[in-house]
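The primary structure of each chain is shown beneath.
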Amino acid sequence: MARSIAFREALREAMNEEMRRDDRVFVMGEEVAEYNGAYKVTQGMLAEFGPKRVIDTPISELGFAAIGVGAAQKGLRPVVEFMTWNFAVLAMDQILNTASKMLAMSGGQISCPIVFRGPNGSAGQLGAQHSTAFESYYANIPGIKVVSPSNGYDAKGLLKQAIRYEEDPVMFMESEQMYGDKSDVPEEEYYIEIGKADVKKQGTDVTIVSYNKMMKVAFGAAKELEKENINAEVIDLRTIRPLDWMTVLESVKKTNRLVIIDEQWPMCSISSELGYRIQKEGFDYLDAPVRRITAADAPLHYAPNLVEAALPSVGRTVNLVKEVMYMKK
């Protein structure tokens, strides 16, 4: 039976359920315990699990990431919260040089089953240093997985999968702008396999692909296009690494057109990789060039009009779809 709960509640349920099931699972990060989490994702967890399993850390991302990586290599299953992925650049040494490489460097003897999670990308007027989308950064690193869900149902199932079954480090990227969003989440236990995209809306005329909060733009564009008798198929990648480009290819075989909405900067972005894969393997199915809409190739400013101008929008996506449909705007 499903009930409507907020995105943050879905994440909390995932962690609670896995911590009750397995005492090797613990949560650590800045303000996760006494303050109930900066965005209240870990609310109430300290009271249930105690300070040995819900651990407030100093303001030292590199330090507590290193503790988590060491714990994972010793057989525990840590969930490390970053207050924002913008701060996680300070922990990149542990993620890149230790967590992602140890399985290979140890000849398969030492795995690192750790989940790093927290808000990612723009969140309104927070300025350039708190507004970077990091999926493509971590997707470039062999040895880790990158998850970027768009709703509470997917977030809970994917997070439970990451905590319980994944032996590789998982970068779990959320959005501050989605924590209050509600979606239907079953009461019964479920898991979602990492590495599988999801066709959220069937369509025949054009394939629109996105992930995380940009799915709102994708759905908004699809709704506007319906008014002009354009039936868009909408795909949520959900996982960035591994990238399920085959699901996108199967859609393009049907629609013959592809538009990608991506919050990344354009250079070396997720849309760059996906566009390459589709044109290489699906060239004969395309009736128009693959097109994409990304964030502006610049730091995100504070002013709301500049934020609006820099990020993908419904209007710009609709215009791009019309271009690949060879329609007059």
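For every chain, the first residue of the written sequence is number 1, and numbering continues from 1 onward in sequence order. pLDDT decides what is reported in this predicted model: residues at 70 or higher carry local features, side-chain atom pairs at 80 or more are listed and counted, and totals for whole chains, interfaces and linings draw on all residues regardless. In computing side-chain values, all of the structure's heavy atoms are included and hydrogens and water are not.

1. Concerning the sheet that holds strand β2 (residues 25-29)
Strand pairing is defined by DSSP finding a minimum of two bridges between the two strands. Strands are runs of DSSP state E lasting at least two residues, helices are runs of H or I lasting at least four, and both sets are numbered from the N terminus onward. Across the sheet, seven strands lie side by side as β3-β2-β4-β5-β7-β6-β12; this open sheet has mixed pairing. Where the open sheet ends on each side, the last strands, each with one partner, are β3 (54-56) and β12 (239-241). Neighbour to neighbour, the strand axes of the sheet diverge by 20° on average, direction disregarded. For strand β6 (residues 145-147) and strand β7 (residues 170-174), the ladder comprises three bridges, and the chain directions are parallel. Within β7, the residue paired with V146 across the bridge is M171. It only takes one pair of heavy atoms within 4.5 Å for two residues to be counted as in contact. All axes are obtained by fitting lines to C-alpha atoms, using only the stretch in contact for helices, and the reported angles, taken between N-to-C directions, cover 0 to 180 degrees. Its contacts with the sheet put helix α1 (residues 7-21) on β2, β3, β4 (77-81), β5 (115-119) and β7, and the angle it makes with β2 is roughly 135°.

2. Quick word on the side chain of R238
Looking at the secondary structure, you find R238 in the loop between β11 (232-236) and β12. With a relative accessible area of 8%, R238 lands in the buried category. Think of a polar contact as two N or O atoms within 3.5 Å of one another; within protein, one of them needs to be a possible hydrogen donor and the other a possible acceptor, and neighboring residues in sequence only count if both atoms come from side chains. Polar contacts involving the side chain of R238 include one to the main-chain carbonyl oxygen of K196, which spans 3.0 Å. R238 has contacts with V147, S148, P149, D154, L158, I192, K196, A197, D198 and Y211, leaving out every residue within four places of it along the chain. For every residue, the accessible area (1.4 Å probe, protein chains only) is compared with the maximum for its type, and the residue is labelled buried under 20%, exposed over 50%, or partly exposed between those bounds.

3. Topic: the packing of α1 against helix α7 (residues 152-164)
Two quantities define a packed helix pair, namely the angle between the helix axes and the distance between the axes. Running from amino to carboxyl end, α1 crosses α7 at an angle of 25°, the nearest separation of the two axes being 8 Å. In terms of orientation, α1 lies roughly parallel with respect to α7. The interaxial crossing formed by α1 with α7 has right-handed handedness. When α1 is examined against α7, the residues F7, A10, L11, E13, A14, M15, E17, E18 and R21 are found in contact with a partner set consisting of G152, A155, K156, L159, K160, I163 and R164. By definition in this entry, angles of less than 35 degrees are roughly parallel, angles greater than 145 are roughly antiparallel, angles of 65 to 115 are roughly perpendicular, and the rest are oblique. Each crossing gets its handedness from the near helix: less than a right angle anticlockwise from the far helix is left-handed, clockwise is right-handed.

4. What about the packing of aromatic side chains?
Here a pair means two rings of Phe, Tyr or Trp (six-membered ring of Trp) with centres within 6.5 Å. Their orientation is stacked below 30 degrees between planes, edge-to-face above 60, and tilted elsewhere. In the structure shown here, the tally under the stated rule is 10 aromatic pairs. With a centroid separation of 5.3 Å and an interplanar angle of 65°, the aromatic rings of F82 and W85 are classed as edge-to-face. By relative accessible area, which is 0% here, F82 ends up buried. Among the residues examined, W85 registers a relative accessible area of 0% and is labelled buried.

5. Digging into the pattern of salt bridges
One side chain can pair with another of opposite charge once the charged atoms of both are near each other. The rule for a salt bridge is simple: a side-chain nitrogen of Lys or Arg has to be within 4 Å of a carboxyl oxygen of Asp or Glu. Enumeration over the complete set of coordinates arrives at 27 salt bridges. Across the pair R24 and D22 runs a salt bridge whose closest N-O atoms are separated by 2.8 Å. Take R24: its relative accessible area is 36%, and that puts it in the partly exposed class. Note that E323 is salt-bridged to R291, the shortest N-O span being 2.5 Å.

6. A look at unusual backbone geometry
At the junction of R241 and P242, the peptide bond is cis and its omega measures out at 0° in the coordinates. Residues other than glycine seldom take positive phi values, yet N36 does so here, at roughly 65°. Within the secondary structure, N36 is located in the loop between β2 and α2 (45-49). Its relative accessible area of 22% is what places N36 among the partly exposed residues. Of note in the backbone geometry, N256 takes a positive phi value of approximately 70° without being a glycine. On the secondary structure map, N256 appears in the loop between α9 (245-255) and β13 (258-261).

7. Quick word on the sheet that holds strand β9 (residues 198-201)
With mixed pairing, the five strands of this open sheet are ordered in space as β9-β11-β10-β13-β14. Sheet topology places β9 and β14 (291-293) at the edges, where each strand pairs with a single neighbour. The mean angle between the axes of side-by-side strands here comes to 25°, regardless of whether they run parallel or antiparallel. Bridge count for strand β10 (residues 206-210) against β11 is five bridges, and the pairing is parallel. From the neighbouring strand, S210 faces β11, where its bridge partner is D236. Sheet strands touched by helix α8 (residues 215-226): β9, β10, β11 and β13. Its angle to β11, the strand with the most contacts, is close to 170°.

8. Concerning the environment of G70
On the secondary structure map, G70 appears in helix α3 (residues 61-73). Separated by 116 residues in sequence, G70 and P186 place their C-alpha atoms 34 Å apart.

9. A closer look at the pairing of β11
When you tally the buried positions in β11, you get five out of five residues, the bulk of the element. Burial along β11 is two-sided: the residues A232, V234 and D236 and E233 and I235 are all buried. The pairing of β9 with β11 spans three bridges and is classified as antiparallel. Looking at the pairing, V199 lines up with I235 of β11. Once you follow β10 into α8 and on to β11, the crossover reads as right-handed. By definition, the crossover connecting two strands over a helix is right-handed if that path, from the first strand to the second, turns clockwise as seen with the strands pointing away from the viewer.

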